[in-house]
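# Structural characterization, general
The residues making up each chain are set out below.
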Amino acid sequence: MSYVKGLKCRECGREYPANILFVCEYCFGSIEVAYDYDKIKKVLTRQEIEKRPKNMWRYKELLPLSKEPSDGLTTGFTPLVRSHNLAKVLGVKELYIKDDSVNHPTLSFKDRVVAVALSKAKEFGFRTVACASTGNLANSVAANAAIAGLRAFIFIPADLEQGKIIASSIYNPVLVKVEGNYDEVNRLCSEIAAKYKWAFVNINIRPYYAEGSKTYGFEIAEQLGWRAPKHIIVPAAGGSLVTKIKKSLQEFYQLGLIPEFKTKLYVAQGEGCAPIVTAIKEDNEIIKPVKPKTIAKSLAIGNPADGFYAYDVVKKSGGWAEAASDDEIINAIKLLAETEGIFTETAGGVTVAATIKFIKEKRIPKDESIVICITGNGLKTQEVVADKLAKPLKIKPSLGSFEEEQKKRPTADHYSI
Amino acid sequence: MAKKIVKLTFTGETIKQPLTFQMAKKFDVMPNIRRARVTDKIGEIVLELDGKEENLQKGIKFLEKAGVVVEPVIGDIIE
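These lines cover the structure that appears in this document, whether it is placed above or below. (Residues numbered from 1 in each chain as written. Chains lettered and ligands numbered in written order. Predicted model: local features only at pLDDT ≥ 70, side-chain atom pairs only at ≥ 80, totals over all residues.)

## Some details on the sheet that holds strand β3 (residues 42-51) of chain B
Residues and elements named next belong to chain B. The strand order across the open sheet built from four strands is β2-β3-β1-β4, with neighbouring strands paired in antiparallel fashion. In the strand order of this sheet, the two ends are held by β2 (30-38) and β4 (69-72), each with one partner. Looking at each pair of strands side by side, their axes are set apart by 25 degrees on average, direction ignored. Pairing geometry for strand β1 (residues 2-11) and β4, over four bridges, is antiparallel. Note on β4: the bridge partner recorded for T9 is V69. (Pairing = 2+ DSSP bridges. Helix = DSSP H or I, 4+ residues; strand = E, 2+ residues; numbered from the N terminus. Axes fitted to C-alpha atoms, helices over the stretch in contact; angles between N-to-C directions.)

## A short note on the interface of chain A and chain B
Of the residues lining the interface, 31 residues belong to chain A; the matching set on chain B comes to 21 residues. For the side of chain A that touches chain B, the leading source of residues is helix α7 (residues 182-195) of chain A, giving six residues. For the side of chain A that touches chain B, a count of residues per class yields 17 nonpolar, 10 polar and four charged. (Contact = placed C-beta atoms within 7 Å. Nonpolar A, V, L, I, M, F, W, Y, C, P; charged D, E, K, R; others polar.)

## Brief notes about the pairing of strand β6 (residues 128-132) of chain A
Residue and element names in this part refer to chain A. Judged by how many residues are buried, β6 sits mostly within the fold: four of five residues are covered. Summarising the sheet, β6 and strand β7 (residues 151-157) pair through five bridges and their orientation is parallel. Its bridge partner lying in β7, A132 is registered against F155. Of the crossover connections in this fold, the one passing from β6 over helix α5 (residues 136-148) to the parallel β7 is right-handed. (Buried ≥ 20, exposed ≤ 12 C-beta atoms within 10 Å, placed from the backbone. Right-handed = clockwise from strand over helix to strand, strands pointing away.)

## A look at the packing of helix α4 (residues 110-123) of chain A against α5(A)
Residue and element names in this part refer to chain A. Close contact between α4 and α5 brings their axes to 9 Å; oriented N to C, the two are set at 45 degrees. The angle between α4 and α5 falls in the class oblique. The way α4 lies across α5 gives a crossing that is right-handed. Residue-level inspection shows K110, D111, V114, A115 and L118 of α4 in contact with α5, the latter providing N136, L137, S140, V141, N144, A145 and A148. (Parallel < 35°, antiparallel > 145°, perpendicular 65-115°, else oblique. Left-handed = near helix turned anticlockwise from the far one by under 90°.)

In structure tokens form, the structure reads like this:
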């Protein structure tokens with residue numbers, strides 16, 4: 001049973017049936033899914049949700065499917081870690097880490113959006129799915145398409161590192177290396193999406209795809225004991241995630257599943273690609289596109305599709321935005337690993353680094369609940385920290401050699417900010 | 001005839017110049033503006049361009065050369 005009322009333009013408010021549509025036919029504004037909340041309120045309760053399997057579909061009434069979900073059945077419900085060590089270092093009282101670095105099957109939050117996109121694509125009758133990606137999205141589409149038995153086309157820039165290619169090609173999709181710069185790959189994919197009858201997950205299926213991100217926010221609220229935290233720090237690439245976390249908490253509040261929603265939302269980007277951060281800091285609602293130059297490749301979107309909406313959500317919530325330099329990102333990745341045992345990719349480093357700034361600037365008080373969003377796994381981007389870590393001790397196979405060498409290495413409490 | 005939906009971002013000096021009009025006249029391209037946001041520092045126009053494919057390409061190149069950022073309306077899709 002579907003609880004979807006239809007699609008709605010985020011700019012002019014025009015409504016459409018829930019078909020394949022990704023920009024408003026009138027104003028070319030972006031499209032979002034609208035639900036019948038009165039109907040949902042009658043069936044969706046905390047008790048009902050708690051009875052269900054621990055995956056992202058436990059909130060299925062708030063996701064845009066007409067049939068039962070068929071993909072991502074092991075995706076979601078990732079740990080919300082209560083941080084003690086990092087909290088101590090940052091000097092804050094109540095800190096949590098929402099850890100999608102262990103999301104299933106491909107270790108990033110993209111598995112959530114792709115699960116919705118593929119289930120919806122099948123409802124529409126597509127047999128081929130596609131995406132353009134340099135990392136997590138490619139991995140997720142390739143793996144989930146393999147599980148679903150769908151044909152997958154993955155478009156990648158020709159100069160993408162071998163390690164990243166393997167993490168997608170292992171699932172045997174059709175990988176297409178495009179010999180062109182970022183803009184050319186972008187434009188080509190728009191043209192392919194317009195011509196071929198494929199489900200291009202973040203183009204023609206985008207309104208449905210993006211809804212999958214809400215499950216990240218639903219889980220935060222449920223895992224906190226059915227309440228919204230005071231502060232959430234979110235990494236931003238296209239800007240969609242922060243808007244969907246806001247939508248998720250708004251929906252829970254509207255349905256009476258959480259008693260209060262006064263969360264301040266914060267955005268984090270890499271310094272070399274921070275168009276949303278710049279817009280927020282300069283209080284300019286028009287996002288100026290940039291050419292990305294940051295080690296946070298998974299956030300390197302210079303022309304963010306949801307940039308304005310991310311700006312709007314952050315400003316209205318009373319939150320803020322910060323950018324992290326490459327060095328700050330690397331230090332933050334190491335800090336999170338050394339304090340909480342979580343090895344995140346660069347996007348997570350960006351979020352932790354920005355959180356440190358928000359606390360130092362006193363934008364986030366030390367005695368309120370804070371959630372840091374970790375959306376990807378560091379095992380995929382080991383090259384960024386490879387030469388920044390302590391080298392192994394090299395010893396002879398003797399106790400004397402070991403005891404001599406081990407004196408040179410300090411242990412524990414060596415992290416500080 | 002071909003159509004293209006694009007987002008134009010104007011900054012600095014480009015805001016003051018009638019570049020969209022010049023492009024339309026010079027390359028026989030018909031712009032159909034659907035949405036716009038303008039401040040004193042930056043402007044953004046979402047429009048549909050209608051014309052011969054070759055002229056659309058030339059028109060877009062003309063805008064880019066003049067300093068306008070021309071992007072697909074759906075934003076960057078390589079995630």
